[in-house]
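# Coordinate analysis (summary)
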Amino acid sequence: MMQLYWCPRTRSFTALWLMEETGKPYERVLTDISTGAQKQADYLAINPMGKVPALKDGDVTLAENAAICAYVAERYPDAKLTPPPGDPLRAKFLYWLFFLPGCIEPAMVQLSTKFEINPVAAGWGEAQRPFNVLDAALSKGPWLLGETFSAADVAMGSMLNFAVRMFKMVPSRPSFEAYVDRCVARPAFQRAQKLAAG
């Protein structure tokens, strides 16, 4: 059984929601970052970065939401959270899954901190550009892969809920609100929300 190391009100909600989407049993291991549990040697052996989430599957350990999403989606193909190899949608799935940590999250931090960086030097370019790209994709919807819900939506939907609704780090847009509404309506999201609330 997989073990998910997580903490409420952190990015680990993505992995919690993902595990709920699989419908498979898993063990939740609370890693309370307010007490420094993520800095203990036993946890650092799982994730040397000392952050949540992390996942343990037998002898396999990994961290980072995009990696966890890709791994779990492939590990449980019957959950249909990733297009199979050879499916033309797989390229789009991988694009969106890695667009989030590579472009959206750095741009989000830049916008929320008002940190100036040369757009030529930034891998995400000008800070609004990734959000414009995401806005255009979500306006077509309903999901990042069109009619197909995937683990990329778990990652992106979780981030938008976190950044736009919960902490208002990024200005909202109609496409973002409609997308988050669709995500929040999913039973697995609601189960994860109840678990995170304790």
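All values derive from a computational prediction rather than experimental measurement. (Residues numbered from 1 in each chain as written. Predicted model: local features only at pLDDT ≥ 70, side-chain atom pairs only at ≥ 80, totals over all residues. Heavy atoms only, no water.)

### Quick notes on the nonpolar core
As a reminder, the rule being used: Residues belong to one nonpolar core when they are buried, are Ala, Val, Leu, Ile, Met, Phe, Trp, Tyr or Cys, and are joined through side-chain atoms within 4.5 Å. For each residue, the accessible area found with a 1.4 Å probe, counting protein chains only, is set against the maximum for its type, and the residue is called buried under 20%, exposed over 50%, and partly exposed in between. Numbered from the N terminus, helices here are DSSP runs of H or I no shorter than four residues, and strands are runs of E no shorter than two. By the convention used here, residues are in contact when the closest approach between their heavy atoms is within 4.5 Å.
In terms of nonpolar packing, the biggest core is built from 57 residues, with Trp-17, Trp-96, Leu-134, Met-156 and Leu-160 touching the most fellow members. At the level of elements, β1 (2-6), α1 (13-22), α3 (65-75), α4 (89-113), α5 (129-140), α6 (151-166), α7 (174-184) and α8 (187-197) are the ones that each hand at least two residues to this core. The residues touching Trp-17, leaving out its near neighbours within four places in the chain, are Phe-149, Asp-153, Val-154, Gly-157, Ser-158, Cys-183, Arg-186, Ala-188, Phe-189 and Ala-192. Counting residues in hydrophobic clusters, the runner-up holds 8 residues, among them Tyr-5, Cys-7, Tyr-43 and Ala-63.

### Points about the packing of α4 against α5
Axes are the key here: two packed helices are described by the angle between their axes and the distance separating the axes. Test applied: Fitting a line to C-alpha atoms yields each axis, with helices limited to the stretch in contact; the angle taken between N-to-C directions then spans 0 to 180 degrees. Throughout this description, any angle smaller than 35 degrees is read as roughly parallel, any larger than 145 degrees as roughly antiparallel, any in the 65 to 115 degree range as roughly perpendicular, and the remainder as oblique. Each residue receives one of three labels: charged for Asp, Glu, Lys and Arg, nonpolar for Ala, Val, Leu, Ile, Met, Phe, Trp, Tyr, Cys and Pro, and polar for the others, Gly being one of them.
It is the contact of α4 with α5, at a shortest axis distance of 9 Å, that shows an interaxial angle of 135°. Looking at the two axes, α4 sits oblique to α5. Touching Tyr-95, Trp-96, Phe-99, Cys-103, Ile-104, Ala-107, Met-108 and Leu-111 of α4 are Pro-130, Phe-131, Val-133, Leu-134 and Ala-137, all from α5. Split into classes, the residues belonging to the contact of α4 with α5 amount to 13 nonpolar, no polar and no charged.

### Here we look at the pattern of salt bridges
Using the following cut-off: Each reported salt bridge corresponds to a side-chain nitrogen of Lys or Arg within 4 Å of a carboxyl oxygen of Asp or Glu.
This structure, assessed with the given rule, holds 9 salt bridges. Residue Glu-20 is joined to Arg-191 by a salt bridge in which the shortest nitrogen-to-oxygen separation is 2.9 Å. You can see Glu-20 sitting in helix α1 and its partner Arg-191 sitting in helix α8, a full 171 residues away along the chain. Where salt bridges share partners, they join Arg-165, Glu-177 and Asp-181 into one cluster.

### Brief notes about the side chain of Glu-20
Classification of Glu-20 by relative accessible area gives buried; the value is 12%. Residues within four places of Glu-20 in sequence aside, it is in contact with Tyr-26, Ala-188, Arg-191, Ala-192 and Leu-195.

### Points about the state of the cysteines
Put simply, the rule reads: Cysteine sulfur atoms are paired as a disulfide whenever they come within 2.5 Å of each other.
On inspection of all chains with the given rule, the structure shows 0 disulfides. Here Cys-7 stays free of any disulfide, with the sulfur of Cys-69 as its closest cysteine sulfur at 18 Å. Free cysteine: Cys-103, not disulfide-bonded; nearest cysteine sulfur from Cys-69 at 17 Å. Its relative accessible area of 17% is what places Cys-103 among the buried residues.

### Brief notes about the sheet that holds strand β4 (residues 60-63)
Where we set the bar: By definition, two strands form a pair when at least two bridges between them are found by DSSP.
Reading across the sheet, the 4 strands line up as β2-β1-β3-β4 and stay open at both edges, with mixed pairing between neighbours. Whereas interior strands pair on both sides, the edge strands pair on one side only; in this sheet they are β2 (26-30) and β4. Sheet twist, expressed as the mean angle between neighbouring strand axes with direction ignored, is 20°. Across 4 bridges, strand β3 (residues 54-57) lies against β4 in antiparallel orientation. Across the sheet, Lys-56 pairs through a bridge with Thr-61, a residue of β4. Here α1 sits on the sheet and contacts β1, β2 and β3; the angle it forms with β1, its principal contact strand, is near 150°.

### Quick word on the packing of aromatic side chains
What characterises a pair of aromatic rings is the spacing of the ring centres plus the angle enclosed by the ring planes. This is how the line gets drawn: Here a Phe, Tyr or Trp ring, Trp counted by its six-membered ring, pairs with any other such ring whose centre lies within 6.5 Å, and the pair is stacked when the planes are under 30 degrees apart, edge-to-face when over 60, and tilted otherwise. Think of it as a cone above the ring: NZ of Lys or CZ of Arg counts as a charge over the ring if it is within 6 Å of the ring centre and within 35 degrees of the ring normal.
Scanning the entire structure with this criterion turns up 12 aromatic pairs. Consider the rings of Trp-17 and Phe-189, whose centres lie 4.9 Å apart with planes at 80°: the pair is edge-to-face. A residue pair is termed long-range when its members are at least 10 positions apart, and Trp-17 in helix α1 and Phe-189 in helix α8 qualify at 172 residues. Among the residues examined, Trp-17 registers a relative accessible area of 0% and is labelled buried. You can call Phe-189 buried: its relative accessible area is 1%. Seen in terms of ring centroids, Trp-96 and Phe-99 are 5.2 Å apart; in terms of plane orientation they differ by 80°. Their pairing is edge-to-face. Linking Trp-96 with Phe-99, this pair stays in helix α4, spanning 3 residues, or about one helical turn. Comparing Trp-96 with Phe-99, the two get one shared label, buried. Cluster of aromatic residues (ring-pair linked, three or more members): Phe-13, Trp-17, Trp-143, Phe-149, Tyr-179 and Phe-189. Here Arg-182 stacks its cationic end above the ring of Trp-143, 5.9 Å away from the centre of that ring.

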